[in-house]
Amino acid sequence: MELSTNKLPVHVSIIMDGNGRWAQERGKERVYGHLNGVESVRAVTEECVNLGIKYLSFYAFSEENWGRSEEEVGYLMKLMLESIGKEFEVFMKNGVRFVVLGNRERLNPTLNAAIDNVMEGTSHNTALTFILFISYSGKWDIMHALKKVVEEAVSSPEGLEKARNMKLEDFDDYLVTAGIPDPDLIIRTSGEQRLSNYLLWQGAYSEFYFTDVLWPDFRKEEFRAALAEYAGRDRRYGKVK
Ligand code: IPE
Ligand code: IPE
Ligand code: MG
């Protein structure tokens, strides 16, 4: 499939869903699905590097996902730790900058240290920014930003003035995604059609692409199909064309 490069999204974001069902369909434990899902992340990342897409982000673990069994949460944390370590070299080779966004305070120190290490090591890479949203929720992000604004407002007269005069776009700087363009395209796999508390503010004008394909089966072909559909969308932003 030929993709016209002038209609590629700047930022693609993916709600990876369906790992558990993928494993269950094969008579395996849910964690087997998560393990195979890592391969899809790799495939899509490679494709973004090849196509020159600048930002790729993944909803890897939501605030709500802390409510899963201790076994599953523990496995996911371990898998993220291992995958981040393994990918470091590949990121360096491909010029990928690695970023984790979310409520980092909830992550264990070993994982946080590994994240810091790879984030620092890849911070000068410019081909692709690869973002993992871990322990993230859109409501948390907005509330967390609001608290920072309040903190500034009560700490100095300048801060108060700044808060009073704040424009919508100024608020972006307080969200965890400060400096990162809003997602042009949000893909969700596995047939579910909801945001599940993802990028509530930043997704205000995103295009959505839903597919029944389960995340571990979502590879280059499926990704290219999503990009092709995006290329045909008419983004009007409330105006009349
Ligand atoms: C997505 O797959 C991965 C995470 C949410 C961490 P699920 O684990 O939600 O898989 P299903 O939706 O139960 O099949
Ligand atoms: C959304 O998937 C969260 C991630 C992909 C990390 P879930 O499977 O947790 O969402 P719900 O429960 O179907 O809304
Ligand atoms: Mg799910």
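The structure we're discussing is the one just above.
Every value quoted in this text rests on a predicted model; they were computed, and no experiment measured them.

Draft legend 1. Spotlight on the site of ligand 2. Every residue lining ligand 2 is accounted for by Ile15, Met16, Asp17, Tyr59, Ala60, Phe61, Ser62, Asn65, Arg68, Arg188, Arg194 and Ser196. One nitrogen or oxygen atom from the side chain of Arg188 is found 3.3 Å from an oxygen atom belonging to ligand 2. At 2.6 Å from an oxygen atom of ligand 2 is found a side-chain nitrogen or oxygen belonging to Ser196. Taken by itself ligand 2 offers 390 Å² of open surface, and the protein chains cover 77% of this. Counting atoms within 2 Å of the grid points, the majority share of ligand 2 lands in the largest pocket.

Draft legend 2. Spatial organisation of helix 5 (residues 138-155). If you check helix 5, its first and last C-alpha atoms are 26 Å apart, about what 18 residues at 1.5 Å a residue would give, namely 26 Å. Where helix 5 is concerned, the buried positions are Gly138, Trp140, Asp141, Ala145, Val149 and Ala153. Tucked into the core, helix 5 has its buried residues touching strand 4 (128-136), helix 6 (157-164) and helix 7 (168-171).

Draft legend 3. Region of interest: the nonpolar core. In this structure, Ile14, Phe58 and Phe223 are the most contacted members of the largest nonpolar core, which totals 39 residues. The biggest single contributor to this core is helix 3 (residues 70-94), with six residues. Other than its neighbours up to four places away in sequence, Ile14 contacts Val44, Leu56, Ser57, Phe58, Tyr59, Ile187, Trp215 and Phe223. Grouped together as the second largest cluster of nonpolar side chains are 13 residues, Ile15, Phe133, Ile186 and Tyr198 included.

Analysis parameters
- Residues numbered from 1 in each chain as written.
- Chains lettered and ligands numbered in written order.
- Predicted model: local features only at pLDDT ≥ 70, side-chain atom pairs only at ≥ 80, totals over all residues.
- Heavy atoms only, no water.
- Near = heavy atom within 4 Å.
- Polar contact = N/O pair within 3.5 Å; in protein donor to acceptor, adjacent residues only side chain to side chain.
- Areas by Shrake-Rupley, 256 points an atom, 1.4 Å probe, with all protein chains shown as cover.
- 1 Å grid on protein atoms, 1.4 Å probe; cavity = no way out; pocket = protein on both sides within 12 Å on 5 of 7 lines; lining within 4 Å.
- Sits in = over half its atoms within 2 Å of the grid points.
- Helix = DSSP H or I, 4+ residues; strand = E, 2+ residues; numbered from the N terminus.
- Expected span 1.5 Å × (residues − 1).
- Buried < 20%, exposed > 50% of the residue type's maximum accessible area, 1.4 Å probe, protein only.
- Contact = heavy atoms within 4.5 Å.
- Core = buried A, V, L, I, M, F, W, Y, C linked by side-chain atoms within 4.5 Å.

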